[in-house]
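The residues making up each chain are set out below.
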Amino acid sequence: MLGFVNILLGGIAYGFVLFLMAGGLSITLGLMGFANMAHAALAMVGGYTAALLIGKAGWPFLAAVVMAGLTAALTGAILERTLFRRLYQASELEQVLLTIGVVYAAIAAATYLVGPEQMAIAVPAWLDGNLRIGPVDLNRYRLFLIVTGLVLLVSLVGLIEHTTFGAKIRAAVFNRRMTASCGIDVDKLYALAFALGSALAGIGGALSVKLLGLDPNFPIKFLTELLIVVSVGGLGSLRGTFLAAMLFGIIDVVGKYLLPEIGAFIIYATALALLTVRPQGLVGRPR
Amino acid sequence: MSDITLDLARIMVVNRARWTTIEVAFWIAAAAGYFLFPAKLVLLTQMLIGGLFAMSLDLLLGYGGIASFGHAAFFGLGAYAAGLLAAHGWGEPLSGVLFGGLAAGGLGLAFSSVIAKVRGAAVLMVTLCIGLLLFEAASRMPWLTGGDTGLQGIDMWPLLGLFEFDLFGRTAFWYAYAVAFLLYLAARRYIHSPEGLALKGIRENHDRVPMLGVSTARRKMIAFTISATIAGMAGALLAQTTQIVALETLSFERSVAALIMLTVGGLGTLIGGFIGAATFIWARDVLSALNPVYWMFWLGLILIALMLTARGGLVGALTLLTNYLARERHPR
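Described in the following lines is the structure provided in the data block. As the structure is a computational prediction, the values presented were derived from the model and not from experiment.

Looking only at helices and strands, one finds 12 helices and two strands in chain A. Ordered by position from N to C terminus, the α and β elements of chain A give α-α-α-α-β-β-α-α-α-α-α-α-α-α. Over its C-alpha trace chain A gives a radius of gyration of 19 Å, about what one expects of a compact globule, namely 19 Å for 287 residues. Overall, chain A is about 60 × 45 × 35 Å in size when its C-alpha atoms are taken along their principal axes. Burial status across chain A gives 56% buried among its 287 residues. In chain A, the share of contacts with a sequence separation of at least 24, taken over all contacts with a separation of at least 6, comes to 75%. Considering chain A, the positive charge centre built from 19 side chains and the negative charge centre built from 13 side chains are found 8 Å apart.

In this section: empty space enclosed by the protein. All names here are of chain A. Tallying each qualifying case throughout the model produces one cavity of 30 Å³ or more. Its boundaries defined by the atoms lining it, the largest cavity holds a volume of some 60 Å³. Around the largest cavity, the lining residues are Tyr14, Leu18, Glu225, Ile228, Val229, Phe248, Asp252 and Ile267. Within the residue set of the lining of the largest cavity, elements represented by two or more residues are helix H1 (2-31), helix H10 (223-233) and helix H11 (238-258). Among the elements that take part in the lining of the largest cavity, H10 stands out by supplying three residues, more than any other. Split by residue class, the lining of the largest cavity holds six nonpolar, no polar and two charged.

Residue and element names in this part refer to chain A. On the surface, a cluster of nonpolar side chains totalling about 460 Å² of accessible area is made up of Phe4, Leu8, Tyr257, Leu258 and Leu259. Elements with a contribution of two residues or more to the nonpolar patch: H1 and H11. Checked against the element boundaries, Leu258 lands in helix H11. On the basis of relative accessible area, Leu258 is assigned to the exposed category, the value being 53%.

If charged atoms from side chains of opposite charge come close, those side chains can pair. Inspection of the entire model under this criterion finds 11 salt bridges over all chains. Its salt-bridge partner being Arg140 of chain B, residue Glu136 of chain B comes within 3.2 Å of it at the nearest N-O pair. Glu136 of chain B sits in the buried class, given a relative accessible area of 9%. Ionic contacts of the salt-bridge type, sharing partners, join the residues Glu80, Arg81 and Asp187 of chain A into one network.

Interfaces are frequently sized by the accessible area removed from exposure as the parts join. In this complex, chain A contributes 38 residues to the contact, which on the side of chain B involves 37 residues. Inspection of the chain A/chain B interface yields zero salt bridges. The interface formed by chain A and chain B contains one residue pair in polar contact (both at pLDDT 80 or more). Elements with a minimum of two residues in the side of chain A that touches chain B: helix H4 (92-113), H10 and helix H12 (265-277) of chain A. The element that contributes the greatest number of residues to the side of chain A that touches chain B is H4 of chain A, accounting for 14 residues.

Here we come to the packing of H10 of chain A against H12 of chain A. All names here are of chain A. Orientation of H10 relative to H12, taken along the N-to-C sense of each, is 30°, at an axis distance of 10 Å. The orientation of H10 with respect to H12, classified from their angle, is roughly parallel. Considering how the two elements wind past one another, H10 and H12 form a crossing that is left-handed. Residues Glu225, Ile228, Ser231 and Val232 of H10 lie in contact with H12, whose contacting residues are Tyr268, Ala271, Leu274 and Leu275. Of the residues contributing to the contact of H10 with H12, the split by class is six nonpolar, one polar and one charged.

What follows is about H11 of chain A. A rise of 1.5 Å per residue sets the reference length of H11 of chain A, with its 21 residues, at 30 Å; its end C-alpha atoms lie 30 Å apart and thus fit the reference within 8%. For H11 of chain A, the N-terminal capping position is held by Ser237 of chain A, with its side-chain oxygen 3.5 Å away from the main-chain nitrogen of Arg239 of chain A.

We now examine helix H11 (residues 252-265) of chain B. With 14 residues, H11 of chain B extends 20 Å between its outermost C-alpha atoms, agreeing within 8% with the 20 Å of an ideal straight helix rising 1.5 Å per residue. Gly266 of chain B sits one or two positions beyond H11 of chain B and adopts a positive phi of about 125°.

Quick look at the packing of aromatic side chains now. Counted under the stated rule, the structure contains 33 aromatic pairs over all chains. Between Phe218 of chain A and Phe222 of chain A the ring centres are 4.8 Å apart and the planes differ by 45°, which places this aromatic pair in the tilted class. Neither residue differs from the other here; Phe218 of chain A and Phe222 of chain A are each classed as buried. The interplanar angle of 85° and the centroid separation of 5.2 Å between the aromatic rings of Phe26 of chain B and Trp27 of chain B together place this pair among those described as edge-to-face. Using a relative accessible area of 14% as the deciding quantity, one classes Phe26 of chain B as buried. Overall, Trp27 of chain B belongs to the buried group, its relative accessible area being 4%. Among the aromatic side chains, those forming a connected cluster through ring pairs are Trp19, Phe26, Trp27, Tyr34, Phe35, Phe173, Trp174, Tyr177, Phe181, Tyr184 and Phe274 of chain B. Its end group placed over the ring of Tyr190 of chain A, Arg176 of chain A keeps NZ or CZ at 5.0 Å from the ring centre.

All names here are of chain B. Counting through the fold element by element, Ala122 comes out in helix H6 (residues 121-139). Taking relative accessible area as the criterion, Ala122 reaches 10% and is therefore assigned buried. Through-space distance from the C-alpha of Ala122 to that of Ala67 is 10.0 Å; in sequence the pair is 55 residues apart.

Further remarks concern the pairing of strand S2 (residues 136-139) of chain A. All names here are of chain A. The side-chain alternation of S2 yields one buried face, formed by Val136 and Leu138, and one unburied face, formed by Asp137 and Asn139. Pairing of strand S1 (residues 130-133) with S2, which is carried by four bridges, proceeds in the antiparallel orientation. Counted as the bridge partner of Leu131 is Leu138 from S2.

Residues and elements named next belong to chain B. Phi angles above zero are rare outside glycine, and Gln243 is one such case at about 60°. Position of Gln243 among the secondary structure elements: in the loop between helix H10 (216-242) and H11. You can call Gln243 partly exposed: its relative accessible area is 31%. Positive phi, close to 65°, is recorded for Leu270, a residue that is not glycine. Here Leu270 is to be found in the loop between H11 and helix H12 (271-290).

What counts, and where the lines are drawn
Residues numbered from 1 in each chain as written. Chains lettered and ligands numbered in written order. Predicted model: local features only at pLDDT ≥ 70, side-chain atom pairs only at ≥ 80, totals over all residues. Heavy atoms only, no water. Helix = DSSP H or I, 4+ residues; strand = E, 2+ residues; numbered from the N terminus. Rg over C-alpha atoms; globule rule 2.2 N^0.38 Å. Buried < 20%, exposed > 50% of the residue type's maximum accessible area, 1.4 Å probe, protein only. Contact = heavy atoms within 4.5 Å. Lys, Arg positive; Asp, Glu negative; His and termini not counted. Charge placed at Lys NZ, Arg CZ, Asp CG, Glu CD. 1 Å grid on protein atoms, 1.4 Å probe; cavity = no way out; pocket = protein on both sides within 12 Å on 5 of 7 lines; lining within 4 Å. Points joined across faces, edges and corners; volume = space filled by probe spheres on them. Nonpolar A, V, L, I, M, F, W, Y, C, P; charged D, E, K, R; others polar. Patch = residues over 30% accessible without salt bridge, like charges linked within 9 Å, V, L, I, M, F, W, Y side chains within 5 Å. Areas by Shrake-Rupley, 256 points an atom, 1.4 Å probe, with all protein chains shown as cover. Salt bridge = Lys/Arg side-chain N within 4 Å of Asp/Glu carboxyl O. Polar contact = N/O pair within 3.5 Å; in protein donor to acceptor, adjacent residues only side chain to side chain. Axes fitted to C-alpha atoms, helices over the stretch in contact; angles between N-to-C directions. Parallel < 35°, antiparallel > 145°, perpendicular 65-115°, else oblique. Left-handed = near helix turned anticlockwise from the far one by under 90°. Expected span 1.5 Å × (residues − 1). Phe/Tyr/Trp six-rings, centres within 6.5 Å; stacked < 30°, edge-to-face > 60°. Lys NZ or Arg CZ within 6 Å of the ring centre and 35° of its normal. Pairing = 2+ DSSP bridges.

Here is the structure:
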């Protein structure tokens, strides 16, 4: 029984890792409606920034994670201004192919610049080891992920649903021309929202390196998982993304424990079944 | 309706189905490739098979507007079905291709009702999940599929009982050419039939087609099943001509590659898939000979450039050129 609790906790922690990375995608793909396949590539930028700053330059962990977010935000903003902006009105397929082009270029660039080997990240002593609460052993790093994820969820939902910034974005997505007519600079708004999504990708990437590892194939390896989390949760709903991340995190870890021989099969089957029954996602409204 | 209107309509339908210069040129050039590049027959065969796969996606995406993000599921299933049949003692090629098509078509039919139900981004996600599901299933069943090492022991009988599959890939080339050409003719028939026109109608205006008394769900189900069948046959061809089936035939990367080939060649033209595949596979051959990492980098840059500038792909550009030349020759 205790073993099962620990596995469940492992699943929840993995769910938070997924949420940390998918939260940004929920903004760019879900809210802004841009089929952004390059999200995991931005997470990789964050991951490498943090790992290199800690490993090579000796930065403290938290400062490196913040810097990872900033670097990814800057990269995302540059990509948005130079490339993505031109395809906001284009079809999903064109957006997909453009951003996949970015993914391929990013994989090649990472292999060239950093090398194809796995990158490890060192965490400070206060995040290492276990914390014992009663009979349960809790990994400190996983606890840290859970707390960070919860803070992120609350602040994102607050930002999108309770501030004028969030209201403006939702208005611009709903009716771009009408919003522009109200004197809102939609172009700038989209750039800001995209940078925010990219910053979250960078932070998520930096925090996930310890659990998921990091190599140049990261952008393809985790792209599909993130897409599934965001679309099963329901496009445009952060709560949905959170719910789906928890669901898949738990199913994945528990499934791999109970039925190790079928691996990730159970995840994809669940996703397919959920999308069949609710194409609009767990929380989404039918369009 | 007056006779004139009917005649006009008839002329339009006939004109629409007329062979274009590009189509004729491609099939002649492909046959000529056999004599011009006798050392590159394996590569040429790959181009034909890749083209057939891209064409199957074109039926769905270019004509029906249904984007598939996991079409390799059907390609790979066809490849494994034909490969397993041959590895277990039935090496007759033509029935193997039919078997591969049947297996993939069956799976396509099973999922087609889901595809007919969902729209927009959800279509991409459902097809993505189908692709991932099959890849995962194949990699978890090494006793059946050979897992990471691939399915081996495929032993092909002579084609029609006459032509042995030789080491240089001569038989394989003509075999792939014939099957691809026949399926191309069949696909042409399909898209110029009322069924195909209804499919185009769905692409152009999804909500208005039901007002004409045409069931969109049925049209989509038929298109998806046909497309899956052809993809499966292309996979079966690959399995038979290379005599190995790798997990890669089911991969996400292969699904994406088909989308890229199609966009490079030109959507909604049928021949665009073949031209795009030939370009893509040629470029991959040249660029990855330098360094596999370079190839990915260039592929990325080419995709970005393509999306920012050229819509309509190579066929679009070639059509503009041939139209221009035709006007030069017959000034009005």
